[in-house]
Structures are given as structure tokens and as C-alpha cells.
Amino acid sequence: MQWYIDVLKKYAVFDGRARRKEYWMFVLFNVIASIILSILDRILGLDFGGSSSSSGWLSTIYSLAVLLPTIGVAIRRMHDTGRSGWWILINLIPCVGWIWFIVLAAQEGNAGDNAYGPDPKAAERGMGFGGPSGPAEPGYPTV
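Here is a short report on the structure shown in this document.

1. Structural notes on the overall build of the protein chain
No. 1: For the protein chain, the count of helices and strands is five helices and two strands.
No. 2: What you see in the protein chain, going N to C, is helices and strands ordered as α-α-α-α-α-β-β.
No. 3: Residue burial in the protein chain is summarised as follows: out of 143 residues, 30% are buried.
No. 4: Within the protein chain, counting contacts between residues at least 6 apart in sequence, those at least 24 apart form 54% of the total.
No. 5: Carbon and sulfur atoms provide 71% of the accessible area of the protein chain, an area that totals close to 8600 Å².

Written out as C-alpha cells, the structure reads:
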């Protein structure tokens, strides 16, 4: 839950980097909240139509409220992999764009600083501000 709230605190922050855990935990809580609100829309009769795929007032308001944080964390996720934030527009390619974006978002971020800011995972990798600071997490280079 803390990862979700941290993204909401950075409401319209589009610079910097977001690690995989931050991005995917936000996506997870976002999906859970959307499902719960869609169910509430149905129960309360706030949906827009009779079809099963229609949304309602609560889910629409929620989607609009988290639109900027969602875009911001996606851009920061692309920054962590060393790509420009414009790569989120790959979602607009029909059929394969969203699959391609998932692959990009699932990749490991660049170790160390890159053009978009310091490594958000540096402390876990044992690369604190003064260089290596104790044993690194297994699987991460210490050099």
C-alpha cells in the first residue's frame, strides 16, 4: 500500500526514476481499486448502461483522479530503464503496443545513475552515496 501512496504523493512528477516494484505495486492496487469500484457501481446502480462492459460514475471519477499519477509513474519507469518518457506512447500501437510496453516496464532498471537521475535501488545494491556500503543483494554487481 505504501508504494501506491508514494506514487499518489508524486501526483504530477514526470522526472526521475521509478523502480519496478513501485510501478507494478501501483498497477496492482490500481486494478484492485478499479474492480472494487466497478462492483460498487453495479450494486449502487451507478453504471452507465446495461451492458456488462460499461463503467460507472465511481470508476470514471477514480480513473480521472489517478490519470496523472499513472502517466507519471509510467514515464518514471521508462526513465529507470534508460528510455525517454515518450516510450509510453507505444501503448497506442494497436494489438501489440501494450504488450511491448509491458515487456519494457518489466525490464530491470539501469544500475547506477543515468541521464534521468540517481538509481532508486542503489541502497539495496550496496551502492550508497559513498560507494559500496556492505554486502550487496545477491545477483547485483558490486562494481
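2. Some words on unusual backbone geometry
No. 1: Located in the positive-phi region is Cys95, a residue other than glycine, with phi close to 70°.
No. 2: As for its position among the elements, Cys95 is in the loop between α4 (67-80) and α5 (97-106).
No. 3: You can call Cys95 exposed: its relative accessible area is 66%.

3. Comments concerning a nonpolar patch on the surface
No. 1: On the surface, Leu28, Val31, Ile32, Ile35, Ile36, Ile39, Leu40, Ile43 and Leu44 cluster together to form a nonpolar patch covering roughly 810 Å² of accessible area.
No. 2: Its place among the elements puts Leu28 in helix α2 (residues 20-44).

4. A look at the side chain of Glu22
No. 1: With respect to the element layout, Glu22 can be found in helix α2.
No. 2: With relative accessibility at 5%, the residue Glu22 sits in the buried group.
No. 3: When residues no more than four places from it in sequence are discounted, the contact partners of Glu22 are Trp3, Val7, Lys10, Arg17, Val73 and Arg76.

5. Observations concerning the layout of surface pockets
No. 1: Quantified by volume, the second largest pocket comes out at close to 210 Å³.
No. 2: As for the second largest pocket, its lining consists of 14 residues, and the residues nearest its centre are Tyr23, Val27, Thr70, Ala74 and Phe101.
No. 3: At the level of secondary structure, the elements contributing two or more residues to the lining of the second largest pocket comprise α2, α4 and α5.
No. 4: Looking at the lining of the second largest pocket, the element that brings in the most residues is α2, giving five residues.
No. 5: The residue inventory of the lining of the second largest pocket, partitioned by class, reads 11 nonpolar, three polar and no charged.

About the criteria used
- Residues numbered from 1 in each chain as written.
- Predicted model: local features only at pLDDT ≥ 70, side-chain atom pairs only at ≥ 80, totals over all residues.
- Heavy atoms only, no water.
- Helix = DSSP H or I, 4+ residues; strand = E, 2+ residues; numbered from the N terminus.
- Buried < 20%, exposed > 50% of the residue type's maximum accessible area, 1.4 Å probe, protein only.
- Contact = heavy atoms within 4.5 Å.
- Areas by Shrake-Rupley, 256 points an atom, 1.4 Å probe, with all protein chains shown as cover.
- Patch = residues over 30% accessible without salt bridge, like charges linked within 9 Å, V, L, I, M, F, W, Y side chains within 5 Å.
- Salt bridge = Lys/Arg side-chain N within 4 Å of Asp/Glu carboxyl O.
- 1 Å grid on protein atoms, 1.4 Å probe; cavity = no way out; pocket = protein on both sides within 12 Å on 5 of 7 lines; lining within 4 Å.
- Points joined across faces, edges and corners; volume = space filled by probe spheres on them.
- Nonpolar A, V, L, I, M, F, W, Y, C, P; charged D, E, K, R; others polar.

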